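# Observations on the model geometry
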Amino acid sequence: MDSNALKQIAAEAALGYIKPGMVVGVGTGSTTNLFIDALGKAKIHVEGYVASSVATETRLKGLGLPVLNLNDTGDIPIYVDGADEVDPHFRLIKGGGGALTREKIVASAARLFVCIADGSKDKPMLGKFPLPVEVIPFARSFVARQLVKLGGNPSLRAGVTTDNGNVILDVTGLDLTDPVTMESRINLIPGVLDNGIFAQRRADVLLFGTPQGVVERRA
Ligand SMILES: O=C[C@H](O)[C@H](O)[C@H](O)COP(=O)(O)O
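Residues numbered from 1 in each chain as written. Predicted model: local features only at pLDDT ≥ 70, side-chain atom pairs only at ≥ 80, totals over all residues. Heavy atoms only, no water.

Any two packed helices are characterised by the angle at which their axes cross and by the distance between the axes. Running from N to C, helix H1 (residues 3-14) and helix H2 (residues 30-42) point in directions that differ by 50 degrees, and their axes come no closer than 8 Å. Taken together, H1 and H2 sit at an angle that is classed as oblique. With respect to the hand of their crossing, H1 and H2 are arranged in right-handed fashion. Contacts from Asn-4, Lys-7, Gln-8, Ala-11, Glu-12 and Ala-14 in H1 reach Ser-30, Thr-31, Leu-34, Phe-35 and Ala-38 in H2. (Axes fitted to C-alpha atoms, helices over the stretch in contact; angles between N-to-C directions. Helix = DSSP H or I, 4+ residues; strand = E, 2+ residues; numbered from the N terminus. Parallel < 35°, antiparallel > 145°, perpendicular 65-115°, else oblique. Left-handed = near helix turned anticlockwise from the far one by under 90°. Contact = heavy atoms within 4.5 Å.)

Let us now look at the confidence of the model for the protein chain. The predicted model of the protein chain averages 98 in pLDDT, with 100% of residues at 70 or higher. Listed scores for the predicted complex are pTM 0.97 and ipTM 0.98. (pLDDT = per-residue confidence, 0-100.)

What follows is about the site of the ligand. Within the structure, the ligand sits among 16 residues, and Thr-28, Ser-30, Thr-31, Glu-103 and Lys-121 are positioned closest to it. At 2.7 Å from an oxygen atom of the ligand is found a main-chain nitrogen or oxygen belonging to Thr-28. At a separation of 2.8 Å, an oxygen atom of the ligand approaches a polar side-chain atom of Asp-84. Protein contact buries 91% of the 380 Å² of open area that the ligand shows by itself. The class makeup of the residues in the shell around the ligand is two nonpolar, nine polar and five charged. (Near = heavy atom within 4 Å. Polar contact = N/O pair within 3.5 Å; in protein donor to acceptor, adjacent residues only side chain to side chain. Areas by Shrake-Rupley, 256 points an atom, 1.4 Å probe, with all protein chains shown as cover. Nonpolar A, V, L, I, M, F, W, Y, C, P; charged D, E, K, R; others polar.)

Attention now goes to unusual backbone geometry. Residue Lys-43 is not a glycine yet carries a positive backbone phi of 50 degrees. Among the secondary structure elements, Lys-43 is positioned in the loop between H2 and strand S2 (48-51). On the accessibility criterion, Lys-43 (61% relative accessible area) is exposed. Backbone geometry places Phe-90, a non-glycine residue, at a positive phi of 70 degrees. Relative accessible area serves as the criterion here: at 8%, Phe-90 is assigned to the buried category. (Buried < 20%, exposed > 50% of the residue type's maximum accessible area, 1.4 Å probe, protein only.)

Quick look at the side chain of Asp-87 now. By secondary structure assignment, the location of Asp-87 is in the loop between strand S5 (85-86) and strand S6 (92-93). A relative accessible area of 3% places Asp-87 in the buried class. A distance of 2.8 Å separates the side chain of Asp-87 from the backbone nitrogen of His-89, its partner in a polar contact. A distance of 2.8 Å separates a polar atom in the side chain of Asp-87 from a polar atom in the side chain of Arg-91. With near-sequence residues (within four places) excluded, Asp-87 lies in contact with Lys-123, Pro-124, Met-125 and Leu-126.

Next up on the list: the domain arrangement of the protein chain. What the domain assignment reports for the protein chain is domain 1 (3-124 + 200-218) and domain 2 (131-195). Computed over C-alpha atoms, the centres of domain 1 and domain 2 are 24 Å apart. Summing the contributions of domain 1 and of domain 2, the shared interface buries around 1,300 Å²; its carbon and sulfur component is 49%. Run the count over domain 1 and domain 2 and you get two salt bridges. Between Glu-183 and Lys-104 there is a salt bridge, with the nearest N and O atoms lying 2.8 Å from each other. Inspection of the region where domain 1 meets domain 2 yields 12 residue pairs in polar contact (both at pLDDT 80 or more). For the side of domain 1 that touches domain 2, the element with the highest residue contribution is helix H4 (residues 100-109), accounting for four residues. Residue classes in the side of domain 1 that touches domain 2 are distributed as three nonpolar, seven polar and four charged. (Domains from an automatic or database assignment. Buried area = accessible area lost by both parts, 1.4 Å probe. Salt bridge = Lys/Arg side-chain N within 4 Å of Asp/Glu carboxyl O.)

See below:
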């Protein structure tokens, strides 16, 4: 099975968590796109979907699925999204597609976070995938220097502007043995909007697509 097929089975498995009448938070990325397409076919009568990016909103609307504004909903029952890395403690790196800030907001508003991924994202620890950090353009150079002081090697993601009008610094070399602390330390740098460590709001359920089928883990 190629990685797309593994993403596909993970995405389809997440449908089992979607019940009629729910408000459903929807992440961003290639795995989530397969989930959205599966939702389009499944035609579950949910109350609506809260999108974590403009791209996801466009895809949902393109399939005729109802999109809600997060400001018009309370806490939401469920959020489904992919990840770039997942550790054994359900902590994630996200933001490979630049959508990390809105993703973290919607994930934090959700009571259950179901993470869907192909099995290659299942890692013994976080830190190989360059950590995306969303930065206000005015502060780009200052923030980059502070990230170097934290042990990182930041590089500007060329040609990318986020849905929030910001830039992304991709940071290698950080020590992520304590991801909870590093998540906070980076977010304390003035000019940082958020970073792609999801350790304070971890996933609750992991659905990994593997050649042997979907492996489900619960925190
Ligand atoms: O900003 C993008 C998101 O965090 C994605 O969920 C993450 O990059 C995983 O994407 P994919 O499903 O394409 O591997």
